[in-house]
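Tertiary structure, described
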Amino acid sequence: MPKDEPEKPPCKEEGQGDPDKERNTAESPESCDRSMRKRVRQRTPSPHRGNTPQSSPPRFVSVEELMETAKGVTNMALAHEIVVNGGFQVTPSQLAEGSLEKMVKDIVHKAFWDCLEAQLNEDPPSYDHAIKVLGEIKETLLSFILPGHGRLRHQIEEALDLALIQQQAENRALDISKVASFIIDTMGMLCAPCRDEEIQKLRNITATVPLFKAIFTVMDMMKIDMANFAVSSIRPHLMQQSVEYERKKFQEFLNKQPNAMDFTQKWLQDTANALLNGEWESGASSAAASAPILSMLHPLTVHNHAYLHLLKWDHTSCPFPETLLMDQRRIQEMQWELEELTIVAAVLLIVYNNAGAAISGLPGLMERLKSIVRLLLADRHSPSFIVDEAFATIAERMCVEVGGSLAQHGFSPFSTDRQSNLKGQITAVKLPDNSIRKLIDMRIQTFLLGILESSQLRCAAALPGGLAPIQKELEEVAIKFGRLVNYNKLVFAPHYQKILQDILREGARPISDTTHAGEIDS
């Protein structure tokens, strides 16, 4: 970075070869801004920048500021994950088999333990390496001690006095097995009950080097247990503080990147445009959608419909709202689950309409059919999934299951024509514009919108028709989605309020012919 121009970070265009030459080449402010935003967000600049009014002009920041901001965003993301994900657990990192990192790690560890074993096999034994190992074990044990456990801390300090152990080793008076026994006993007092079996296995190891290797393995497990205990302990306190914490951290980021809410503004603007222009499917709107325009474009209405649109988002080509980036993966998983539930409900509705009263009330039939369909759709988003084959299999299995149930309960089996008709209707569900699939999807959207408009995280109204077979799964998704939405509203309420007020004050702009994939589909 040139010393005489600290406010202008170097910007490099793709395809240019000489970085030194590029570093000295003058760049326009707009080009630098695009490059900086790409590095910070790891995505391309917004295609609608020219149509979005800026709240303030972009300013350039130093690398140190960016690093500090990135650290704050990382901490914010971790706190957010702990609060939003009730099942959050710290897990040990696993290096991929055959990777360079794992090969290097295995080589270093083998050399480490080979050196220890070689020293212990000397005559007389050398304990230099072993004392260093004991020092690491001592520090780890002390890290497990809570502040009020002074007596146990004193016992560890006394039993693992490295200076005394060094003297004993020099005088050939060191009993390494006695030291190891104390370590194992102490680990047994400090570990979680789920580690009792591992502690017992340690007592059965007699060889010194394998024993120390196993001790380190169990200690790594104990570190994970302690970390998860700490997470569960701080979660209640963190939930109380997380809203203010995230809001503060995001504001710090926004102060350095004033235009960092472009995609959020467009997300809300597009929703208002869709509602104003009647582009939203009528069945997915609440009663407010049929009211006059001014009532329909109430900020809360626009906001709830905007959240609903996230479940239809094109994640491959449309930039996600900045205020929801930490939840993008979680929302995408909900989107996939809802798509699957839509297909399941559509298939079961077709089966019921074809079989009629003959299968109504048969114990366990619908659950069995639902399990089969979900199982065959389990890999729907994997590259190996073949849509035509999957739906053909679903159609075949539905015919077999229904035919078997009809015969078992004394009903006439399906004729060949009825089976062919049933298979044709089921395979047609693979198309997103299938009328039955669209009907089920519309009812699911209505149900979810009701959840967002309710003051409670449950559906007070009756479930829309055709959704009874997926009621349990749908309500689980609705509860998760409602919690996420309400939490997001709390954190970013000041930003959303200002954006929505500006949109409704100016009036939603009509949707142009150049609308890109991020806008609401009709």
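What counts, and at which threshold
Residues numbered from 1 in each chain as written. Predicted model: local features only at pLDDT ≥ 70, side-chain atom pairs only at ≥ 80, totals over all residues. Heavy atoms only, no water. Helix = DSSP H or I, 4+ residues; strand = E, 2+ residues; numbered from the N terminus. Buried < 20%, exposed > 50% of the residue type's maximum accessible area, 1.4 Å probe, protein only. Contact = heavy atoms within 4.5 Å. Areas by Shrake-Rupley, 256 points an atom, 1.4 Å probe, with all protein chains shown as cover. Polar contact = N/O pair within 3.5 Å; in protein donor to acceptor, adjacent residues only side chain to side chain. Patch = residues over 30% accessible without salt bridge, like charges linked within 9 Å, V, L, I, M, F, W, Y side chains within 5 Å. Salt bridge = Lys/Arg side-chain N within 4 Å of Asp/Glu carboxyl O. Core = buried A, V, L, I, M, F, W, Y, C linked by side-chain atoms within 4.5 Å. Expected span 1.5 Å × (residues − 1). Phe/Tyr/Trp six-rings, centres within 6.5 Å; stacked < 30°, edge-to-face > 60°. pLDDT = per-residue confidence, 0-100.

**What to know about the overall build of the protein**
- Regarding its fold elements, the protein presents 19 helices and 0 strands.
- Residues counted as buried form 41% of the 522 residues belonging to the protein.
- The contacts of the protein with a sequence gap of at least 6 include a subset with a gap of at least 24, amounting to 73%.
- Of the accessible surface of the protein, which amounts to about 28600 Å², a share of 54% is contributed by carbon and sulfur atoms.

**Overview of unusual backbone geometry**
- Going from Asp123 to Pro124, the amide bond is cis rather than trans, its omega being 0°.
- Within the secondary structure, Pro124 sits in the loop between helix H4 (100-120) and helix H5 (128-144).
- With a phi close to 55°, Arg172 is a non-glycine residue in the positive phi region.

**Quick notes on the side chain of Lys138**
- Inspection of the secondary structure puts Lys138 in helix H5.
- The class of Lys138 is buried, set by a relative accessible area of 11%.
- A polar contact of 3.3 Å, which involves the side chain of Lys138, links it to the backbone oxygen of Leu160.
- Not counting the four nearest positions on each side in its chain, Lys138 is found in contact with Ile156, Glu157 and Leu160.

**Quick notes on a nonpolar patch on the surface**
- Together, Leu100, Val104 and Val108 make up an exposed nonpolar region whose accessible area comes to about 280 Å².
- Looking at the element boundaries, Val108 is found in helix H4.

**With respect to the environment of Leu160**
- In this structure, Leu160 sits in the loop between helix H6 (150-159) and helix H7 (162-170).
- With 25 residues separating them in the primary sequence, Leu160 and Gly135 have C-alpha atoms 7.8 Å apart.

**Considerations on the pattern of salt bridges**
- Summed over all chains, the structure comprises 25 salt bridges.
- Note that Lys370 is salt-bridged to Glu367, the shortest N-O span being 3.1 Å. Of this pair, Lys370 and Glu367 both sit in helix H15 (residues 365-376), 3 residues apart, which is roughly one turn of that helix.
- Looking at Glu367, the relative accessible area reads 46%, which means it is partly exposed.

**Some remarks on the nonpolar core**
- By size, the foremost hydrophobic cluster in this structure holds 78 residues, and its most contacted members are Trp267, Tyr307, Leu324, Val347, Val351, Met398 and Ile426.
- Of all the elements, helix H14 (residues 328-355) adds the most residues to this core, at 14 residues.
- If we ignore the near neighbours within four places in the chain, the residues touching Val351 are Ile359, Leu369, Met398, Val402, Leu422 and Ile426.
- By size, the runner-up hydrophobic cluster in this structure holds 38 residues, among which are Met187, Ile199, Leu211 and Ile215.

**What to know about helix H11 (residues 262-276)**
- If you check H11, its first and last C-alpha atoms are 21 Å apart, about what 15 residues at 1.5 Å a residue would give, namely 21 Å.
- With 13 of 15 residues buried, H11 lies mostly within the body of the structure.

**Details of the packing of aromatic side chains**
- A complete count under the given rule lists 8 aromatic pairs for this structure.
- Considering the side-chain rings of Trp267 and Tyr307, the 5.4 Å spacing of their centres and the 75° angle between planes classify their relative orientation as edge-to-face. Taken together, the residues span a long stretch of sequence, with Trp267 in helix H11 and Tyr307 in helix H13 (residues 299-310) at a distance of 40 residues.
- You can call Trp267 buried: its relative accessible area is 2%.

**Structural notes on the confidence of the model for the protein**
- Per-residue confidence for the protein gives a mean pLDDT of 78, with 76% of residues at or over 70.
- Here residues 286-292 is modelled with pLDDT under 50, and outside its nearest four sequence neighbours on either side it reaches 7 contacts, counting other chains as well.
- A low-confidence stretch, residues 510-522 stays under pLDDT 50, and its non-local contacts, those more than four residues away or across chains, total 29 contacts.

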